[in-house]
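Observations on the model geometry
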Amino acid sequence: SRLSPRAFASSGEKLYVTYYEGYVGEISSEQEVRLCQVGPNPDGIAAAGNRLYIANSGGMSYPQYNNTVSVVSTASFTETESLEVNVNPANVEASSDGAYIYVSSFGNYSDIPAKLQVIDASTGKVSDLEYESVSAIAKGNDDTLYILCGGYDENWNPLPGTVYKHD
């Protein structure tokens, strides 16, 4: 069957792809593919050391979105952990040293707001960061995290947009 790719990350000579049907794939330089089942409707992905962090949005389960990040070992290519985060996680970025994993989530577009969280990769502890209406994140070459805040309210009215730098 055909799979629907959503996002990708690279590490070494491997490319990792999330598939919205509930999988992450590993593609080697020899074009060999391995699949690992993760949570529902995975979206963003980040590679950090020998682990992958995958945001399981559960986007096709509206209004009961998912709220987990799958941790996958690149060696065994199996899910080793599932961490609870805010509802409807979407984007994932890792610090250059792999010590911190940043996750932005959309919430449920109603009473659970969008949020930015950080995972301590050594402990798996998830903490909230103080940004409101987070809609996207990206890591710069200097390891600065850029945060786009804005988007839409529950009635789809545009919210003012701002870009922040998080060191």
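Residues numbered from 1 in each chain as written. Predicted model: local features only at pLDDT ≥ 70, side-chain atom pairs only at ≥ 80, totals over all residues. Heavy atoms only, no water.

**Some thoughts on the sheet that holds strand β11 (residues 115-120)**
In space, the 4 strands of this open sheet follow the order β9-β10-β11-β12, with antiparallel pairing throughout. Each edge of the open sheet is held by one strand with a lone partner, namely β9 (89-94) and β12 (126-129). On average, adjacent strands in this sheet sit at an angle of 25° to one another, irrespective of strand direction. The sheet contact formed by β11 and β12 spans 4 bridges and is antiparallel. For Val 118, the partnering residue across the bridge sits in β12 and is Ser 127. (Pairing = 2+ DSSP bridges. Helix = DSSP H or I, 4+ residues; strand = E, 2+ residues; numbered from the N terminus. Axes fitted to C-alpha atoms, helices over the stretch in contact; angles between N-to-C directions.)

**Topic: the environment of Tyr 146**
Within the secondary structure, Tyr 146 sits in strand β14 (residues 145-152). Spatially, the C-alpha atom of Tyr 146 lies 4.8 Å from that of Lys 165, the residues being 19 residues apart in sequence. Once residues lying within four places of it in the same chain are set aside, the contact partners of Tyr 146 are Ala 136, Ile 137, Ala 138, Gly 140, Val 163, Tyr 164 and Lys 165. (Contact = heavy atoms within 4.5 Å.)

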